[in-house]
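An overview of the molecular structure
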Amino acid sequence: MKQRTPVIVNILIIIGLLIVFYYLFVQSYAFLASPYFWGTVVIAGILAYIHSAIGDLIENNKFKTLSPEEKAAYLAEKKIPFLKRMYDAAFKKQSASEEKDILIDHGFDGIMELDNQLPKWWVGLFYFGTAFCIVYIAAYSFTDFAHPLSEYEKEYKEQMASIAKYESEQPPVTIETAKYSADNIAEGKELFKTNCASCHKEDGSGGIGPNLTDNFWINQPEKTLFKNVFHMDWNGSPTNPAMRAFGKNGEVSGAEIEKIAAYVYHINQEVAPVTQAQGGAAPQGTEAHWEKE
């Protein structure tokens, strides 16, 4: 009569399988804080104990039918710790008499084959892998589970929602609160290309509009360069209708103008100006004397 697996081992295996399957469908470990998960664990544990109790009754009835020698062998084997029994079942070498009993009557070149049983852990892993594949393939084929496009769409919507939430909770950037930051230059450059390059060129050297890299400005309503760019981008130019009020019209937000102003400040103050000889537009307006930021 074979020894049975202790109930505590069965419960640990069940908990492990429940964690795997919950994570398979939830795609996060948030379920560990859910009462539904732990309720499932408790129910599974109770069922495992009931199964073990029924097994004990069957085992006791079978034990009564054994001969005295078989009873002694069974009790002796039962004293061996479970993990040692598992190790022996996987790696123990048969004796010569045992090998004779499981020898298969065929061979090749003097090499004979034994009819060994596969280790229980290997068989269990095989069946688990087979069941897992069936569930996974069915879920992938007939649901949105594990579908890369669906996952991307879901994560994209979550990301955009978090950005919208963050922006809604932040106070709008105004000319009073806007500050120059070198971290905004790269993003400001892309916004400048989209909104300003048609008149000022991508490098700000001017074309239809004035050269933004030199120190001559037509409009100077503010005392600092950064604030001046923000003012012009928000309110537009009173002397040139082509330079419209992007901010007031709602074409760009205050946060975006802050980044555009950072880029214009960078090409005007931190890099060399694009001169006429280099293809830049001729100076327009009067020379500016900006206060430091």
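Residues numbered from 1 in each chain as written. Predicted model: local features only at pLDDT ≥ 70, side-chain atom pairs only at ≥ 80, totals over all residues. Heavy atoms only, no water.

Where an unreviewed UniProt entry is consulted, the protein chain appears under the name Cytochrome C, with the organism given as Chryseobacterium joostei.

1. Remarks on the packing of helix 1 (residues 7–26) against helix 2 (residues 35–64)
Let me state the cut-off plainly: Axis lines are fitted through C-alpha atoms, for helices just across the contact stretch, and the angle between N-to-C directions can take any value from 0 to 180 degrees. Helix and strand labels come from DSSP, where a helix needs a run of H or I of at least four residues and a strand needs a run of E of at least two; each type is numbered from the N terminus. Oblique is the label for every angle not falling under 35 degrees (roughly parallel), over 145 degrees (roughly antiparallel), or within 65 to 115 degrees (roughly perpendicular). Crossings are sorted by hand: turned counterclockwise from the far helix by less than a right angle, the near helix makes the crossing left-handed, and turned clockwise it makes it right-handed. Should any heavy atoms of two residues lie within 4.5 Å, those residues are counted as being in contact.
Packing of helix 1 against helix 2 leaves a shortest axis separation of 10 Å and a crossing angle of 150 degrees. When the axes of helix 1 and helix 2 are compared, the pair comes out roughly antiparallel. The handedness of the crossing between helix 1 and helix 2 comes out as right-handed. Every residue of helix 2 that contacts helix 1 at Val 7, Ile 11, Ile 14, Ile 15, Leu 18, Ile 19 and Tyr 22 is listed here: Tyr 36, Phe 37, Thr 40, Val 41, Ala 44, Gly 45, Ala 48, Tyr 49 and Ser 52.

2. Some words on the UniProt feature "transmembrane region" (unreviewed entry) in the protein chain
For clarity, the threshold we go by: UniProt positions are given in the numbering used here, feature names are shortened, and annotations may be inferred rather than shown by experiment.
UniProt annotation of "transmembrane region" (unreviewed entry) refers to residues 7–25, 37–58 and 121–142 when read in the numbering used here. Between the end C-alpha atoms of residues 7–25 the distance is 27 Å, and the span holds 100% helix and 0% strand. Segment residues 37–58 splits into 100% helix and 0% strand. End C-alpha atoms: 32 Å apart.

3. A few points about a nonpolar patch on the surface
Counted only if it meets this: Patch membership needs two things, relative accessible area over 30% and no salt bridge, and members are linked within 9 Å if like-charged or within 5 Å if nonpolar (Val, Leu, Ile, Met, Phe, Trp, Tyr). All accessibility values rest on the Shrake-Rupley procedure with a 1.4 Å probe; residue burial counts only the protein chains present in the view. By definition here, a salt bridge exists when the distance from a side-chain nitrogen of Lys or Arg to a carboxyl oxygen of Asp or Glu is within 4 Å.
A surface patch of nonpolar side chains, amounting to about 660 Å² of accessible area, comprises Val 42, Ile 43, Ile 46, Leu 47, Ile 50, Ile 54 and Ile 58. Mapped onto the elements, Ile 46 comes out in helix 2.

4. Section: the UniProt feature "domain: Cytochrome c" (unreviewed entry) in the protein chain
Per the UniProt annotation, the sites labelled "domain: Cytochrome c" (unreviewed entry) are residues 183–268. The distance from the first to the last C-alpha atom of residues 183–268 is 16 Å, and the span holds 48% helix and 2% strand.

5. Points about the domain arrangement of the protein chain
Keep this limit in mind: Domain start and end points were adopted from an automatic or database domain assignment.
By the assigned domains, the protein chain splits into domain 1 (1–92), domain 2 (116–146) and domain 3 (182–287). The gap between the C-alpha centroids of domain 2 and domain 3 is 62 Å.

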